Amino acid sequence: MIEHTTRQLAIMFTDLVGYSRMMGDDEQQAIAQLEIYRDILGGIIADHHGTVIEFAGDAVFARFNTATEAVDAGMAIQRALRRHNREHEGPALYSRIGIHFGEVVMRDGDLYGDDVNIAARLEPLCDAEGVCISRSVRDELNSARLRHCVAFGKPALKNISGRFPVYHLFPDPISPLKRVRLSARRAKRYLSDHPAVSYPMALASLVLLVIVLAPVIIEPANTTRYVELGEIKNLNPDEMPEYYTIGIADEIRTRLKDIPNLFITDTGSKIAEVVLTGSVQQMADQVRLAYRLARREDGVEIGGASLNGDLDDMLDLQAELANSVASDISREFKLELARPKTAGQDINPEAYQYYLQARDYASRPDDERSLETTIHLYQGAIAIDAEFAAAHAGLCQAYWAQYQRNRDEQDVQLAEQACQEAQRIDPDSAAVHIALGEIRAGRGYWNEAIDEFNKAIRLDPKGLDAYILLADVYNDKNDSKLADQTYRRSIRMHPGQWQAWSYYGNYLFNQGDFKGAIRAYKKVIDLTPDNSSGYASLGAVYLYDSQFKLAAEAFGKQAQLKPSSQSILNEGTMYYYDGNYTRAAELYRRAIDMDADVCGYWGNLSDALLLISGRQQDARAAAERDLVLCGEELAVNPVDTDALINRASALSKLGKDQQAIETITTALAVAPNNPQVWVFSALVYLRHGDIENARTSLERAVEGGYPNILIRAEPAFDPIRSRQWFVALSGKG
């Protein structure tokens, strides 16, 4: 029988960013760089009392007796790599590092267990200049080591049950731009993981979702025309697969791209003057394709046709339909029409069916089964038609997506091989350059990624994706000037595409220009009046700009378009911040009517009722209800941070100060670096009359990145608002 022991160890996994690409460029140089990388890491790991378990390709698997030793080694590695890159020529060395501390099974020198897997899953989340750590590691560190720490929410880790907080550590002070970007990523994850955090301060996480330097509002030129590509309806889905509609829409888009000054918008874009809808219907081995073009303003039909033929001739029918659409549109807008395309005739129909099925699976929610099926179907298309460039390009993207999930270096090689094959067959494919650019960017080869995206733009100046990806690369390189110019360029080329304005808005929010963000998101809504996410983004920016009433109106519009208890709760919170407690209470009650048994919702209602004259008993009843609901959640999970802080808040409002303090102390033990918990701690101590502990708690909240705007807006802090220390504290950052 093989003996094994169990120990508490810190586990480290590292990855050399861009190694596969180095191998493709210059194998001998890559091997030499890998040896340097291993020497640097091996020496530092040994110096910090660690043991290398395995060198696997460009990955390093190591163990340490303590979390402190592992983190110190990680920081030393990042400093050493930065120093090496400054002092030596050749490809720069960047590393992602993940560290977790937990119980590990040791057997014959190998390590096993979920805690080993967790460390491996943390590494891909890491910023290439820092270290990604779990909560168990963070809890072992002193405040000095946590000085340059940013929370990253509770991401889902593959094959790991449950979620827990994850953090980014950096060896040096975090630049304002990097801090804001990391905070935005953290906020997006926080909202998805905490749908019902009590207290209006839950909006701290929301506001970083949207994120704009004052944009020049760029209006489309008079010669630019827009067509909305609406639904292509499958009239008998029981007989005809849905993926046929993808092929029809693709053919139309491709054909219309050849018309100068014509742009295609998605459904709901107000700027489009003409709306195109269509249908497809199968009858035994026959198929009918139809379309209708109508002016948006008066509904007058300006074109349309119905085509019938054999199902085997689907490619030819699609091309004929697209040519007819292009002819009608060019006549309506008096635009030049390029010669008809007949490329579809060169594609094997059976291979094309496999390709469309792969496209269909690729568009489904991201899970392992659909990705594996996508790859299988693209491979099926290529097996039938080895010269099918689009199938090779799709396979490239699928393998890259698989790499991003599993971090298997072989997937990168397969992705690049597929892209190179697609490029050989069709060197003028913008989609291939975009796919290659994403791979280069993902591996840290910024200049090569920029080159690929620029090639894609030259080949397809009407495509939006390449502009946005190019701007993202400049942003990742901290080149804000070129990032800004590229986002603006995307708008000049796609003034009618709301996505271009939205991406620019996200970028500008990260730069801290809320006035510009408001202008950008107003443009999104102007182009797509029924865009609920646009209103949510606008509301969040208004919040950060302290325009609470306008934020409430924006969230209210979002709730009308896409009703949910959370959107109604957000609207109520804006009225709460604006001092309209009666309206806030009404909205909190509506949210409760939709989700009555959520721990935290009754706490929001209690907060508002406490500030309305004559509603004290109602406020107490709401707090008592919240106490019950949060207790039920804690019975299932005693260390649920959200339930703990909501329970502590309810207890303090009911005058049960000692129990409230005990509960918030438990929450702080569970999540000592969560700024939200420290804010609740401040409120509990403030209600207890302990000003000093309230002050200490607020200081910890601000140090942890809690938005000062929300501290200033919270009416529960009115008793200490005039104190000099509070004014100074709530005015920070």
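Structure's up top.
Residues numbered from 1 in each chain as written. Predicted model: local features only at pLDDT ≥ 70, side-chain atom pairs only at ≥ 80, totals over all residues. Heavy atoms only, no water.

**Q** Would you mind going over the overall build of the protein with me for this structure?
**A** For the protein, the helix and strand inventory stands at 31 helices and 13 strands. In the protein, which comprises 733 residues, the share counted as buried stands at 55%. Total accessible area on the protein stands at roughly 31,400 Å², and carbon and sulfur atoms take up 47% of it. (Helix = DSSP H or I, 4+ residues; strand = E, 2+ residues; numbered from the N terminus. Buried < 20%, exposed > 50% of the residue type's maximum accessible area, 1.4 Å probe, protein only. Areas by Shrake-Rupley, 256 points an atom, 1.4 Å probe, with all protein chains shown as cover.)

**Q** Whenever I open this one, the nonpolar core confuses me. Can you help?
**A** Ranked by internal contacts, the top residues of the largest apolar core, which has 109 residues, are Tyr-577, Leu-605, Ile-664, Leu-698 and Phe-717. Ranked by the residues each element gives to this core, the list is headed by helix α28 (residues 675-688), at nine residues. Setting aside chain neighbours within four positions, we find Leu-698 in contact with Ala-682, Ile-711, Phe-717, Ile-720, Trp-725, Phe-726 and Leu-729. With 63 residues, the next largest nonpolar core counts Val-287, Ala-358, Trp-400 and Ala-418 among its residues. (Core = buried A, V, L, I, M, F, W, Y, C linked by side-chain atoms within 4.5 Å. Contact = heavy atoms within 4.5 Å.)

**Q** So what exactly am I meant to see when it comes to the packing of α28 against helix α29 (residues 691-703) here?
**A** Axes are the key here: two packed helices are described by the angle between their axes and the distance separating the axes. Look at α28 against α29: their axes get within 8 Å of each other, and the N-to-C directions meet at 165°. Accordingly, the angle class assigned to the pair α28 and α29 is roughly antiparallel. Between α28 and α29 lies a crossing of left-handed hand. Contacts between α28 and α29 involve Pro-675, Trp-678, Val-679, Ser-681, Ala-682, Tyr-685 and Leu-686 from the former and Ile-691, Asn-693, Ala-694, Ser-697, Leu-698, Arg-700 and Ala-701 from the latter. Its residues placed into classes, the contact of α28 with α29 shows ten nonpolar, three polar and one charged. (Axes fitted to C-alpha atoms, helices over the stretch in contact; angles between N-to-C directions. Parallel < 35°, antiparallel > 145°, perpendicular 65-115°, else oblique. Left-handed = near helix turned anticlockwise from the far one by under 90°. Nonpolar A, V, L, I, M, F, W, Y, C, P; charged D, E, K, R; others polar.)

**Q** Which parts of the structure should I look at to understand helix α10 (residues 349-362)?
**A** In an α-helix, one turn spans 3.6 residues, which is why side chains three or four residues apart end up on the same side. Between its terminal C-alpha atoms α10 stretches 20 Å, which fits the 20 Å expected from 14 residues at 1.5 Å a residue. Along α10, the positions that sit buried rather than exposed are Ala-351, Tyr-352, Tyr-355, Leu-356, Ala-358 and Asp-360. (Expected span 1.5 Å × (residues − 1).)

**Q** Just checking my understanding: could you explain helix α22 (residues 565-578) for this structure?
**A** Here α22 contains 14 residues, and its C-alpha end-to-end distance of 20 Å stays within 8% of the 20 Å for a straight helix at 1.5 Å per residue. Extensive coverage of α22 is indicated by the burial of twelve of its 14 residues.

**Q** Help me out: how do you make sense of the state of the cysteines in this one?
**A** The term disulfide refers to a covalent linkage connecting the sulfur atoms of a pair of cysteines. In total, this model carries two disulfides according to the counting rule given. The disulfide bridge from Cys-396 ends at Cys-419, spanning 2.0 Å between sulfur atoms. In this structure, the disulfide formed by Cys-396 and Cys-419 twists by about -85° around the S-S bond and is classed as left-handed. Of this pair, Cys-396 sits in helix α12 (residues 389-406) while Cys-419 sits in helix α13 (residues 409-425), and the two are 23 residues apart along the sequence. This pair shows no difference in class: Cys-396 is buried, exactly as Cys-419 is. Each sulfur in the disulfide pair Cys-599 and Cys-630 lies 2.1 Å from the other. Residues Cys-599 and Cys-630 share a disulfide whose torsion about the S-S bond is about 90°; that sign makes it right-handed. Taken as a pair, Cys-599 in the loop between α23 (581-594) and α24 (601-610) and Cys-630 in helix α25 (residues 616-636) lie far apart in primary sequence, 31 residues in all. (Disulfide = S-S within 2.5 Å.)

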